[in-house]
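One-letter residues, chain by chain:
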Amino acid sequence: MQGFLFDEHEQSLPAGKHSASTSTDLRLLFDTAKVCHKCTLAETRQNFVFGEGNPTASLVVIGEAPGAEEDASGRPFVGRSGQLLDKILLAAGFRREEVYICNILKCRPPGNRNPLDNEIKSCMPWLLGQLEIIQPKVILMMGKVAANTILNNTLSLGSMRGKLIKWKGYDCFITYHPAALLRNPNWKRGCWEDIQVMMRHYATISGRELYTEKRENQ
Ligand code: URA
């Protein structure tokens, strides 16, 4: 197993097709969204956690909602889950700053409870707006709650992970949430298998050599 313990390495990956104003559009969306009071999470948040990364990213990673550290910093996936996510991305050949990372909910649910229906309904337009601007080649959804929420289903993670799923024209892949991997390290092997399926698809659609093959041939 490759594991998620690689050293820093360089790899540039192609970006999708974007207008020159992608960064500005994302900034404008952020300026509108950051004062959002569409649900009661606005009352308990410390920070609105919009998302961060490359505005022309080929890969968008979507988690569930900010946790305590994300709420405190205003940045997605910066706690222990985020550190593991960074390692997963590196194993797949992506540096964190090359991709775009965000969540379904932009504000922390108290006690990290699951998102409520009205919160999802209020927050989804921000995520859809982000995707419309970024136009990623591939979306990676982290965990069952993120996948069930976005795909509007109640399927098990086992039935969704490790395969291409089309959603609103986007090529999506689903794997374990990093927090679940921290609780159950024996699931990392399955996660790596899911990531490899995504990488093979990414290599096919972008006409690029598969990152692991390139590394193993060096
Ligand atoms: N878990 C998530 O789903 N998102 C974060 O930003 C942090 C932890």
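The preceding data block contains the structure.
Since the structure is predicted, the reported quantities are computational estimates derived from the model, not experimental observations. (Residues numbered from 1 in each chain as written. Predicted model: local features only at pLDDT ≥ 70, side-chain atom pairs only at ≥ 80, totals over all residues. Heavy atoms only, no water.)

Student: Please explain the sheet that holds strand E4 (residues 138-142) as it appears in this structure.
Tutor: Sheet strands associate in pairs through backbone hydrogen bonding, adopting either a parallel or an antiparallel arrangement. As summarised here, the arrangement of the 6 strands in space is E1-E3-E2-E4-E6-E5, forming an open sheet in which the pairing is mixed. Edge strands, defined here as strands with exactly one partner in the open sheet, are strand E1 (52-53) and strand E5 (165-167). Alignment of E5 against strand E6 (residues 170-175), held across 3 bridges, turns out to be antiparallel. Note on E6: the bridge partner recorded for Ile 165 is Cys 172. Those strands touched by helix H5 (residues 117-134) are strand E2 (59-63), strand E3 (100-103), E4, E5 and E6, and its axis lies near 165 degrees from that of E3. Contacts from helix H9 (residues 188-206) reach E2, E4 and E6, with the element oriented near 165 degrees to E6. (Pairing = 2+ DSSP bridges. Helix = DSSP H or I, 4+ residues; strand = E, 2+ residues; numbered from the N terminus. Contact = heavy atoms within 4.5 Å. Axes fitted to C-alpha atoms, helices over the stretch in contact; angles between N-to-C directions.)

Student: How do you make sense of the layout of surface pockets when you look at a structure like this?
Tutor: Left-over empty space is what a probe sized like a water molecule reveals as it rolls over the atoms. Approximately 580 Å³ is the volume attributed to the largest pocket. Elements with a contribution of two residues or more to the lining of the largest pocket: helix H3 (68-73), helix H4 (80-91), helix H6 (144-151) and helix H8 (178-183). Considering every element that reaches the lining of the largest pocket, the biggest residue donor is H8, with 4 residues. Of the residues in the lining of the largest pocket, the class split is 12 nonpolar, 8 polar and 8 charged. Its volume calculated, the second largest pocket comes out at about 190 Å³. Lining the second largest pocket, in full, are Ser 23, Leu 26, Arg 27, Phe 30, Phe 48, Phe 50, Gly 51, Glu 52, Gly 53, Pro 55, Gly 74 and Tyr 100. The set of elements that each furnish at least two residues to the lining of the second largest pocket consists of helix H1 (22-33) and E1. (1 Å grid on protein atoms, 1.4 Å probe; cavity = no way out; pocket = protein on both sides within 12 Å on 5 of 7 lines; lining within 4 Å. Points joined across faces, edges and corners; volume = space filled by probe spheres on them. Nonpolar A, V, L, I, M, F, W, Y, C, P; charged D, E, K, R; others polar.)

Student: Is there a simple way to explain the site of the ligand in this structure?
Tutor: Near the ligand the following residues occur: Gly 63, Glu 64, Ala 65, Glu 70, Pro 76, Phe 77, Asn 103 and His 177. Contact distances for the ligand include 2.8 Å between an oxygen atom and a backbone N or O atom of Phe 77. In this structure, an oxygen atom belonging to the ligand sits 2.8 Å away from a side-chain N or O atom of His 177. Against a free-state accessible area of 240 Å², the protein chains account for coverage of 92% of the ligand. Taken atom by atom, the bulk of the ligand overlaps the largest pocket. Broken down by class, the residue content of the shell around the ligand amounts to 3 nonpolar, 3 polar and 2 charged. (Near = heavy atom within 4 Å. Polar contact = N/O pair within 3.5 Å; in protein donor to acceptor, adjacent residues only side chain to side chain. Areas by Shrake-Rupley, 256 points an atom, 1.4 Å probe, with all protein chains shown as cover. Sits in = over half its atoms within 2 Å of the grid points.)

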